[in-house]
Amino acid sequence: MNYKDLADMIFPNAKEISYYEAKYPERNLKEGAVVSRFAPSPTGFVHIGGLYQALVAREMAKKTEGVFFLRVEDTDQKREVENGVTGIVNSLKDFDMLPDEGMITDNEEIGNYGPYKQSLRKDIYEAYAKYLLEQGKAYPCFCTQEEGEEIRKKQESAKIRPGYYGVWAKCRNLTVEEAAEKIKNGEKYIIRFKSPGREDKKIKHHDVIKGNVDFPENDQDIVIIKADGLPTYHFAHAVDDHLMRTTLVIRSDEWLSSVPLHLQLFHELGFKAPKYAHIAPIMKNDNGNKRKLSKRKDPEAAVNYYKEEGIPVNAVKEYLLNIANSNFENWRIANPDKSINEFDFQLNKMSVSGALFDMVKLLDIGKTVISKMTAEEVYQNSLKWAKEYDKELEEMLNDKEFSLKVLGIERGNKKPRKDISKWSDVKNSIIYMYDNKFKPESYEYAKINNKEEVKKILELYLAEYFDIDDDKDTWFNKIKDLAEKVGYAREVKEYKANPENYPGHVGDISTVIRVSLTGRQNTPDMYEIMQVIGKESVQKRLEKAIR
Ligand code: GLU
């Protein structure tokens, strides 16, 4: 009996690997094109760090006219949740980052290199495991969990490296006859890789982000096929990224220390290894301590958070590019109006240690992104968000003609309004414009807050100065006239020069009108507000304040 007989006994139906090699040929892409992927596990939660990796992977494929694909890594079926794939696909869709290839719904996919869901690739992993078995590069291991525990305890008490390697790898030295005998007797087994490595030797690796790193060789006989017949992450990574012809593996740096094992697997399988780019996690400043954004502690760790808050997709993407590439910020200053798609992303400009997540900065980008949108774009985005998260806002927006005017205030000019950073801000920033929503319980006046004084100013304004047909200059001159009439300075300048001569200035008069009209001390341009709500509404609102 030889290795081949044992391999046949274990995987009698597996195909020859040449079948898969021919089925998934080298891709016909132009020189330098990057094939990258996003390979999440469907655990019901897309982490912002995952989206960050996907964005980087996609940028690299896009800029080189390569391919970006989505592979679902569902071999750990204990961790899986229902609709996990849908969640991943929807998150990518929300961010306008659907892949060129791979899963596009829970059970549909596009592309010629599939299946793109690992649980559907069992026959492929078996073929490659069989291939290793045939060469004596893998073996069945019959150690039970208890035996594994025992080994671990012994290693621990002797203070030596844990794991299944060297003298500890009991089943490594079974003869094929012994192994075959155990299988015939119905003993349970898993398949392990027979590592040719030595711990006292070093390997050199060049990581596209981390640079040159040295590691000891791998000498662990890791599991490649588990008791449930599915592969481990390591084995699936080698087989899949080879067959899907990935050229650049972009993934979290928690995998950096597995590189020696992965390079060894690629080598023993006879595959050309891809390049690796290991991304540092996104960090958070927690009272002066830098730590990873945590799924448990930080709501902003979940990609869904951004959708629920209504932070514009392009703001999130721009922010992620900002923390990904140190030169993004200068590029943005030089090109304030360009789309982020025009930015030339450079992997070697990524920070080696974790970038710090800054919500204030993200929301600031949100403000800028929204300030550059047309009223129609703000309207459509707000409506889409409101339909899912805010019925009251949706109802307000149902009056499209009016809403477009409201959202159009101070927009489309050189210095557009910048008071909205996310769609969930919209309601509060416009609600007073809607007559049926404007119900101030009290008015918070500023400098002029004496009831009689306020009343006098408003009455005079309505009786003698207010005319909805005035152009902006005339309108403002009339407020100045009113200021003068009640003894206030026409110009702020005049007031500042001789403050003892006046009780206040035109700005204080405006504030009285503004608060009465909107219930707020700060609003966008008051002239535009009056134009949008119209003559009757202005009159009614001011009369109400007088009462
Ligand atoms: N499923 C692995 C993870 O979620 C993928 C790592 C990789 O990109 O290779 O960590």
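Rules of the game
Residues numbered from 1 in each chain as written. Predicted model: local features only at pLDDT ≥ 70, side-chain atom pairs only at ≥ 80, totals over all residues. Heavy atoms only, no water. Pairing = 2+ DSSP bridges. Helix = DSSP H or I, 4+ residues; strand = E, 2+ residues; numbered from the N terminus. Axes fitted to C-alpha atoms, helices over the stretch in contact; angles between N-to-C directions. Contact = heavy atoms within 4.5 Å. Phe/Tyr/Trp six-rings, centres within 6.5 Å; stacked < 30°, edge-to-face > 60°. Buried < 20%, exposed > 50% of the residue type's maximum accessible area, 1.4 Å probe, protein only.

## Some words on the sheet that holds strand S9 (residues 223–225)
In a beta sheet, neighbouring strands are held together by backbone hydrogen bonds and run either parallel or antiparallel to one another. Pairing is antiparallel in the open sheet, where 3 strands are placed in the order S5-S6-S9. Strands at the two margins of the open sheet, each flanked by one partner only, are strand S5 (138–141) and S9. Shown here is a sheet whose adjacent strand axes are inclined to one another by a mean of 45°, direction ignored. Two elements, strand S6 (residues 190–193) and S9, share 2 bridges in a ladder whose sense is antiparallel. Following the sheet pairing, Arg192 is matched in S9 by Val223.

## Digging into the environment of Lys170
The topology assignment puts Lys170 in the loop between helix H6 (145–157) and helix H7 (176–184). In this view, Lys170 contacts Cys143, Glu147 and Tyr164; residues no more than four positions away in its chain are not counted.

## A closer look at the packing of aromatic side chains
Enumeration over the complete set of coordinates arrives at 20 aromatic pairs. Pairing Tyr19 with Tyr20 gives two aromatic rings, centres 4.9 Å apart and planes at 85°, and the pair type is edge-to-face. According to the relative accessible area criterion, Tyr19 is partly exposed, its value standing at 37%. Between Tyr461 and Phe466, the ring centres sit 5.9 Å apart and the planes meet at 40°, which makes this aromatic pair tilted. On the accessibility criterion, Tyr461 (0% relative accessible area) is buried. On the accessibility criterion, Phe466 (12% relative accessible area) is buried.

## Some words on unusual backbone geometry
A negative phi holds for most residues other than glycine; trans holds for most peptide bonds. The amide bond that connects Gly114 to the next residue, Pro115, takes the cis arrangement and shows omega of 0°. Mapped onto the fold, Pro115 is located in the loop between strand S4 (109–110) and helix H5 (122–134). One non-glycine residue, Arg245, adopts positive backbone phi at about 60°. You can see Arg245 is positioned in the loop between helix H8 (233–243) and strand S10 (248–252).

Geometric descriptors of this kind do not, in isolation, establish any biological role.
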